[in-house]
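Listed here are the chains, written in short residue letters.
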Amino acid sequence: MSCKSRNCAIILSFLLSFVAATGSLCAQNRSSLEKEKAKIEKEIKKLNKDLSSVRADKKLTTKQLNALNKKIKEREKLIRNINSQLGIINRELSQTQDSIRLLGRQIDSMKAEYAKIIRALYRERIYLTRLNLMFDSKDFNSRYLHRKYFREYSNYRKYQAGLINDRQTQLNTVSQSLEQRRSEQADYLAQEQANRKQLNSEKKQKEQSIQGYDKKAKDLQAQLKQKEKQARQLQQQIQKIINEEIRKAQEAKKRQQAANAKKGGSGTTGTTTTTTKTSTLALTPQEEALSKDFQSNKGRLPWPVEKATVLREYGTYTHPSGGKVMNNGLEILTSAGASVRSVFQGEVTRVFTGPNQQKVVMVRHGDYITVYTDLENVAVKEGSKVSTKQRLGTVHTNDENKAEFNFQIWKVSECQNPRSWLAK
């Protein structure tokens, strides 16, 4: 073998070893990246499932917005992962192409050297026979050397032909590897483009959703302000009605006193007047007894609905719109279509429509008045006598499919905390 061939073989051997070692390292990196890619794709699939409701009803909650942001981040990670794998494939492609070029040059060199040998043998074909070499030699040693030379030359020729075939086989293998890498490169490029397209779509979806979310938030803020306004108006209505009840009672008291004075009576025959600071109502003996009976049941009154969840307690709170609001009762959530019932026997003094167009019922129990707001329909009339747990009407179910109403207890002109009166 010539020095040039040996150098090429050494270089090729080193290059193939380097490519094999690099390929092994790349394969490890590829395997790690593939695992990460599968994990990211699984997470994106899960997020797609979580976000399906967004596409269905065109609404976006804060939780869903966070999920959409996370999905976009995962998609960007997936694109980076694919680009990393493309980088590995491109390096492998470059190394494979270097191997192909070196193998091609070595094969060309071997073929040229082999052709030179064949041409030389053809020119000397008459003399380079075993018999000629033997008989042309002067002595035995010369004949032995000629014969050995002929055998070595023949072996070298076969070796050179075999080496060319081996290199050609290696070239074919490396060429197939190149085609495989190119196919993988095309596949990953297609994935990268598809994911970039999907990423742009998701970013557009996020932008549209945020716009819708902002609009929804503004609408919600407006609705909250409207509800706050209606709540204040309702309290004013209730207070006005209670003041009206007090005024009527005071007028009735004065008329009774005047009538008694005219007759020369003591003014104690028809009604009694409670003397507490907050009570200014003129009560009949029956109403006085009812008031005391109501008072004696403090902490044991039944709830106005069978199933109740208190959404807001009695007292001052900060409204979501930012204002301070006094809740004069308990904000109660119940089941849709639930019946609202009187917590004690008494008389229906008022049935009216509130600012939100829902019905309100007020029941008087001597000095005490219970208030039931947000009724869809009413089953009693003003002046009706009601018993404990008697149905007053049906609670209204709002646009959010929630059945909410407000329950209040008043002692004349002062609101009470219903928690102190209802059964634990």
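Since the structure is predicted, the reported quantities are computational estimates derived from the model, not experimental observations.

Enquirer: Give me the lowdown on the overall build of the protein chain, citing residues and values where you can.
Expert: Assigned secondary structure in the protein chain consists of 6 helices and 14 strands. Scored against the burial criterion, the 424 residues of the protein chain give a buried share of 38%. In the protein chain, 72% of the contacts between residues at least 6 apart in sequence involve partners at least 24 apart. Carbon and sulfur atoms make up 51% of the accessible area of the protein chain, which amounts to about 25300 Å² in all.

Enquirer: An account of the packing of aromatic side chains is requested, with residue identities and associated values reported.
Expert: Taken as a whole, this structure holds 5 aromatic pairs when the rule is applied. Pairing phenylalanine 294 with phenylalanine 344 gives two aromatic rings, centres 5.3 Å apart and planes at 90 degrees, and the pair type is edge-to-face. Here phenylalanine 344 lies in the loop between strand S7 (339-341) and strand S8 (346-353) and phenylalanine 294 lies in helix H6 (residues 285-296), a separation of 50 residues in the sequence. The exposure class assigned to phenylalanine 294 is buried, which follows from its relative accessible area of 0%.

Enquirer: Tell me what's going on with the side chain of asparagine 328, and back it up with residues and numbers.
Expert: By the element assignment, asparagine 328 lies in the loop between strand S5 (324-327) and strand S6 (329-334). Of the polar contacts made by the side chain of asparagine 328, one reaches the side chain of glutamine 235; its length is 2.4 Å. Excluding residues that lie within four positions of it along the chain, asparagine 328 makes contacts with Gln235, Tyr314, Gln408, Trp410, Cys415 and Gln416.

Enquirer: Residue-level account of the pattern of salt bridges, with values.
Expert: In this structure the tally under the stated criterion is 6 salt bridges. Here arginine 364 and glutamate 287 are joined by a salt bridge, their closest N and O atoms 3.9 Å apart. With a gap of 77 residues between them, arginine 364 in strand S9 (residues 359-365) and glutamate 287 in helix H6 connect regions that are remote in the sequence.

Enquirer: Please give an account of the environment of leucine 375 that cites residues and values.
Expert: Mapped onto the elements, leucine 375 comes out in strand S10 (residues 368-378). For the pair leucine 375 and asparagine 406, spaced 31 residues apart in sequence, the C-alpha to C-alpha distance is 9.7 Å. Those residues in contact with leucine 375, other than ones at most four positions away along the chain, are Val340, Gln358, Lys359, Val361, Thr394, Val395 and His396.

Enquirer: Tell me about H6, and name the residues and values.
Expert: Taking 1.5 Å of rise per residue, 12 residues should cover 16 Å, and H6 covers 16 Å from first to last C-alpha, within 8% of that figure. All of the buried residues in H6 are Glu288, Leu290, Ser291 and Phe294. Projected down its long axis, H6 shows its buried positions confined to an angular sector of 160 degrees, all on one face. Facing away from the buried side of H6, by more than 90 degrees, are the exposed residues Gln286 and Lys292.

Enquirer: Any details on the nonpolar core? Residues and values, ideally.
Expert: Membership of the largest hydrophobic core comes to 27 residues, with the highest contact counts inside it found for Leu301 and Phe407. Sort the elements by how many residues they give to this core and strand S13 (residues 403-411) lands first, with 4 residues. Leucine 301 has contacts with Phe294, Val343, Phe344, Ile409, Trp421, Leu422 and Ala423, leaving out every residue within four places of it along the chain. The next biggest cluster of nonpolar side chains, apart from the first, holds 14 residues, and it includes Leu86, Ile100, Ile107 and Tyr188.

Enquirer: For the pairing of S13, give the residues involved together with the corresponding values.
Expert: Where burial is concerned, most of S13 is hidden: 8 out of the 9 residues are buried. With 6 bridges connecting them, S6 and S13 associate as antiparallel partners. Residue pairing in the sheet places leucine 330 in a bridge with phenylalanine 407 of S13. Pairing geometry for S13 and strand S14 (residues 414-416), over 3 bridges, is antiparallel. For tryptophan 410, the partnering residue across the bridge sits in S14 and is cysteine 415. In sequence, S13 turns back onto S14 through a hairpin of 2 residues, with valine 412 there showing a positive phi of about 55 degrees.

Enquirer: Break down the side chain of threonine 394 for me, citing the residues and quoting the values.
Expert: Tracing the backbone shows threonine 394 in strand S12 (residues 391-395). Among the residues examined, threonine 394 registers a relative accessible area of 13% and is labelled buried. Looking at threonine 394, its side chain comes within polar contact range of the side chain of arginine 391, at 2.7 Å. Contact partners of threonine 394, with chain neighbours within four places excluded, come to Gly337, Ala338, Leu375, Glu376 and Asn377.

Enquirer: Give a description of the confidence of the model for the protein chain that names residues and reports values.
Expert: Looking at the protein chain, pLDDT values average 76 and 71% of them are 70 or higher. Across residues 54-58 the pLDDT falls below 50, and counting only partners more than four positions away or on other chains, this stretch makes 9 contacts in the model. Every residue in residues 266-279 is under pLDDT 50, and counting partners more than four places away or in other chains gives 25 contacts.

Conventions used here
For every chain, the first residue of its written sequence is number 1, and the numbers climb from 1 along that sequence. Local features in this predicted model are restricted to residues whose pLDDT is 70 or higher, and side-chain atom pairs enter the listing and the counts only when it is 80 or higher, whereas totals over whole chains, interfaces and linings include all residues. No hydrogens and no water enter the side-chain calculation; it runs on all heavy atoms of the structure. Only runs of H or I of at least four residues qualify as helices and only runs of E of at least two qualify as strands under DSSP, and these elements are numbered from the N terminus. For each residue, the accessible area found with a 1.4 Å probe, counting protein chains only, is set against the maximum for its type, and the residue is called buried under 20%, exposed over 50%, and partly exposed in between. Should any heavy atoms of two residues lie within 4.5 Å, those residues are considered in contact. To measure how exposed things are, a 1.4 Å probe is used in the Shrake-Rupley method; for residues, cover is taken only from the protein chains shown. Stacked, edge-to-face and tilted are the three classes for Phe, Tyr and Trp ring pairs, Trp counted by its six-membered ring, which pair at centre distances within 6.5 Å; planes under 30 degrees apart are stacked, over 60 edge-to-face, the rest tilted. What qualifies as a polar contact is a pair of N or O atoms within 3.5 Å, subject to a donor-acceptor requirement within protein and to the restriction that residues adjacent in sequence count only when both atoms come from side chains. When a carboxyl oxygen of Asp or Glu is within 4 Å of a side-chain nitrogen of Lys or Arg, the pair counts as a salt bridge. To estimate how far a helix should extend, the number of its residues minus one is multiplied by 1.5 Å. The arc in question is the one spanned by the directions pointing from the helix axis to the C-beta atoms. Residue types Ala, Val, Leu, Ile, Met, Phe, Trp, Tyr and Cys, when buried and joined through side-chain atoms within 4.5 Å, form a set referred to as a nonpolar core. In this description, strands pair whenever DSSP reports at least two bridges between them. The quantity called pLDDT is the predictor's confidence in a given residue, expressed from 0 to 100.

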